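Observations on the three-dimensional arrangement
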Amino acid sequence: MLTDKHGRKINYLRLAVTDRCNLRCTYCMPEEGLDWLSRKELMTDEEMLRICSVFTEMGVDKIRITGGEPFIRKNFISLLENIAHLNGLDQLTITTNGLLTEPHVPKLKELGITSVNLSLDTLDKDRFFAITRRNSLDKVLKTIDTLLQNEIHVKINAVVMENSNIEDLIPLAKLTEDLNIDVRFIEEMPFNGGSHETSLEWNFIRILEHLKGHFPSIVKINDPKHSTSYNYKIPGFKGDIGIIAAYTRSFCGDCNRIRITPSGVMRTCLYDAGTLNLKDAMREGKTDEELKEFIELAIQNKPKDGWEAEKFNLTEQQSHQSMATIGG
């Protein structure tokens, strides 16, 4: 098992398979998009599968596939199928915006995927267009219905933004009443591709106060081990509600994850700059054992928390990268 110098066991890999996205969310990137990576800069399917195999051999038993939007990647389902069959992998999950997901839901179930995280910041068609710059809410809602019909658990991730979607917090929370859905409200982060200045008005405390104002009976429930969210339950509701303190970073002490960007950069913290490029190492002919040595060294230098990582590793330019390039 991989263990860092703070005694945290690392068993969770988040792999971004592309930086491209078919939405232009205001909190993630400018309207014109980003300078996308060229195909040469991206890892191949074989390189991604090799990285996943190396990590599972080192004790990683959970892999989440992210982007960008992962379903944009050519041959994504084939890559997903190969990852799903790796020895030692207990849990494979996906984070998606839902636009291209619905036709593939039966295949996801066949591969043993039991939970999907879906990015959705509003249930209002006009506000969806204002936030994403795309008129595609109907596709997302259809994906949710199909996932539920196939008994795949849905976790909705909603970024809370002042003057943008505050009136959506309560309608989103009400989804947990009758459906097998968890809704997690996320503090806005600075990783917006330089699209705007991040507002910190709606932090964890204010989000919770807002929810309590509408659901006075809401109660704190136990947080699963390694959870990034503080979790709550409205009595009588099927699903749970979580709040992720992504900017205030109060969950770092139990961090068990590693991120790999589409270009192969390993980030031991969301807020660090990444110091190890596994794609380059593979293309230089490094063996799996050499890759493992590099990975172990990088994990030993994993920062204590996001504040330490930001202090020592992020430049001003890096702090305004898009989440699409980092992998969520």
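What this report covers is the structure whose coordinates are included nearby.

Rules used throughout
Residues numbered from 1 in each chain as written. Predicted model: local features only at pLDDT ≥ 70, side-chain atom pairs only at ≥ 80, totals over all residues. Heavy atoms only, no water. Salt bridge = Lys/Arg side-chain N within 4 Å of Asp/Glu carboxyl O. Helix = DSSP H or I, 4+ residues; strand = E, 2+ residues; numbered from the N terminus. Buried < 20%, exposed > 50% of the residue type's maximum accessible area, 1.4 Å probe, protein only. Axes fitted to C-alpha atoms, helices over the stretch in contact; angles between N-to-C directions. Parallel < 35°, antiparallel > 145°, perpendicular 65-115°, else oblique. Left-handed = near helix turned anticlockwise from the far one by under 90°. Contact = heavy atoms within 4.5 Å. Nonpolar A, V, L, I, M, F, W, Y, C, P; charged D, E, K, R; others polar.

Going through the model one piece at a time under the given rule, you end up with 16 salt bridges. Among the ionic pairs, Arg73 bridges to Asp45, the shortest N-O distance being 2.7 Å. Highlighted residues: Arg73 in the loop between β4 (62-66) and α2 (76-84) and Asp45 in helix α1 (residues 45-57), separated in sequence by 28 residues. Overall, Arg73 belongs to the buried group, its relative accessible area being 13%. With a closest N to O distance of 2.7 Å, Arg127 and Asp168 form a salt bridge. Residue Arg127 is located in helix α4 (residues 125-132), and its partner Asp168 is located in the loop between β7 (153-160) and α6 (169-174); the two are separated by 41 residues in the primary sequence. The two residues Arg127 and Asp168 agree in class, both being buried. What emerges from the salt-bridge pattern is a single network uniting Glu57, Glu289 and Lys292.

Time to look at the packing of α1 against α2. At a closest axis distance of 10 Å, the pairing of α1 and α2 adopts a crossing angle of 25°. The angle between α1 and α2 places the two elements in the roughly parallel class. As α1 runs across α2, the sense of the crossing is right-handed. Across the interface between the two elements, Asp45, Met48, Leu49 and Cys52 from α1 touch Leu79, Asn82 and Ile83 from α2. Taken together, the residues of the contact of α1 with α2 break down into five nonpolar, one polar and one charged.

Bear in mind that shape data such as this cannot, by itself, settle questions of function.
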